[in-house]
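# Working through the structure, step by step
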Amino acid sequence: MMPMSAIVALAAVTYAFRLAGPLLRGRVTVPAAAERVFADAATVLLIALAATAALTAGHGFAGWARPAGVLVAGVLVTRRAPFPVVVIAAAGVTALLRLAGVS
Amino acid sequence: MRFLRRTPSPAILRDVLLVCLADGIVGVSFGATSVAGGLAWWVPVALSVLVFAGGSQIAAVGVVLGGGSPVAAVLAGAVLNTRLFPYGLAVADVVAGPWWRRLLGTHLITDESVAFAMRQSAPERRRAAFWTCGVLLFLVWNATVLLGVALGSTVHNTDAFGLDATFPAVMLALALPTLTSRSTRVAAGTGAVIAVALTPVLPAGLPLLAALGGLGARWTGWRGWLDARRSAADPGVPRDSAVNQEELSAGGKR
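Residues numbered from 1 in each chain as written. Chains lettered and ligands numbered in written order. Predicted model: local features only at pLDDT ≥ 70, side-chain atom pairs only at ≥ 80, totals over all residues.

### A look at the overall build of chain B
Broken down by element type, chain B carries 13 helices and 0 strands. Tracing chain B from N to C terminus, the helices and strands come up as α-α-α-α-α-α-α-α-α-α-α-α-α. Scored against the burial criterion, the 254 residues of chain B give a buried share of 48%. Residue pairs in contact within chain B that sit at least 24 positions apart in sequence constitute 66% of those at least 6 positions apart. (Helix = DSSP H or I, 4+ residues; strand = E, 2+ residues; numbered from the N terminus. Buried ≥ 20, exposed ≤ 12 C-beta atoms within 10 Å, placed from the backbone. Contact = placed C-beta atoms within 7 Å.)

### Structural notes on the overall build of chain A
Helix and strand counts for chain A stand at 4 helices and 2 strands. Its helices and strands in sequence order give chain A the pattern α-α-β-β-α-α, from N to C terminus. In terms of C-alpha radius of gyration, chain A reaches 19 Å, well past the compact-globule figure of 13 Å for 103 residues. Each of the three principal axes of chain A carries a C-alpha extent, and together these read 60 × 40 × 25 Å. Among the 103 residues that make up chain A, the fraction classed as buried is 45%. Taking contacts inside chain A between residues at least 6 apart in sequence as the whole, the part at least 24 apart equals 41%. (Rg over C-alpha atoms; globule rule 2.2 N^0.38 Å.)

### Here we look at the interface of chain A and chain B
Opposite the 68 residues of chain A that make contact, chain B presents 83 residues. At the level of elements, helix H1 (4–24), helix H2 (32–55), helix H3 (65–78) and helix H4 (83–99) of chain A are the ones that each hand at least two residues to the side of chain A that touches chain B. Take the side of chain A that touches chain B: its biggest share by element is 23 residues, from H2 of chain A. Residue composition of the side of chain A that touches chain B, grouped by class: 48 nonpolar, 13 polar and 7 charged. (Nonpolar A, V, L, I, M, F, W, Y, C, P; charged D, E, K, R; others polar.)

### Quick look at the domain arrangement of chain B
Residue and element names in this part refer to chain B. For chain B, the assigned domains read domain 1 (2–178) and domain 2 (185–254). Across the contact, 9 residues belong to domain 1 and 6 residues belong to domain 2. Counting residues per element, the side of domain 1 that touches domain 2 draws most heavily on helix H4 (residues 70–80), which supplies 4 residues. By residue class, the composition of the side of domain 1 that touches domain 2 is 5 nonpolar, 4 polar and no charged. (Domains from an automatic or database assignment.)

### Description of unusual backbone geometry
Phi at Arg80 of chain A takes a positive value of approximately 60°, unusual for a residue other than glycine. The topology assignment puts Arg80 of chain A in the loop between H3 and H4. A tally of 8 C-beta atoms within 10 Å means that Arg80 of chain A is categorised as exposed. The backbone of Phe52 of chain B sits at a positive phi, close to 50°, despite the residue not being glycine. Take Phe52 of chain B: it is sitting in the loop between helix H2 (42–50) and helix H3 (54–65). Phe52 of chain B sits in the buried class, given 22 other C-beta atoms within 10 Å.

Now the structure itself:
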């Protein structure tokens, strides 16, 4: 369940993060090291989200088809494949594996 | 729409359209998976219009569909969007102008629009690239999410099309190119192991937040941060030297 209040809260926080930069420009300098911690926090979250979304469904294992598709996508990303190719490959591999009976 | 009359070069427009195509696929997938997972149609639509930050929308819906609470969903989305703050600093010159343009431009700050602006150096071109990407992406993103919602409500078995694999694939496409330093890779790897290991035992949403504990593993990064603070407090040491030290220690194995 996702109530409207949660959506508005996320929207407000997000807009605040966006607005802070243009408002504070010239008045504050973010230390380079602090900026790197922000960036690393986002990377850690994205990778953790990728791992849990690829491997788990609810509290259990998601089956082999989905992680296989995501793995192919990951290899394509490291080979600098265009974004549309990456996304379609992930869905395609997973769909084909399921068609072949792999859950 | 005067700002659109400063048309960008055909090469930029082509790249923007390619990015829109890619994000459009994600938009369809986001809309379809959200409603197929049982959320009301207006949830992905409202998120796309009001939040307009794909990664955090996907994360928030992912947490909720995984059984997590709305609070955990908002937290996960908010942490992902902290990066918009340094982005805003980077493109502050581009969104300057009358108040309405500033309010609108601020909402269009995304990974993509900032990346396009940063690739240009002349102010006019920066502006044209940012606004072209921002406006087109907003239109394409919301249209494709609507399309996905329509598809998701008619096609019941979206899993057969492998759409559930597109979420993590997008996350990887966004995150893998940022794994440039060893300390970042260690932090991300540790975070992923923490999140997956805790998923069977913790309520949904919490393993993701626990993954931030992986930041503790980037010890070289923290040491550099402490050094930078120490030298900032001591005017005798030039401030840049500590940062350069960190670059050297973190970037040595790049």
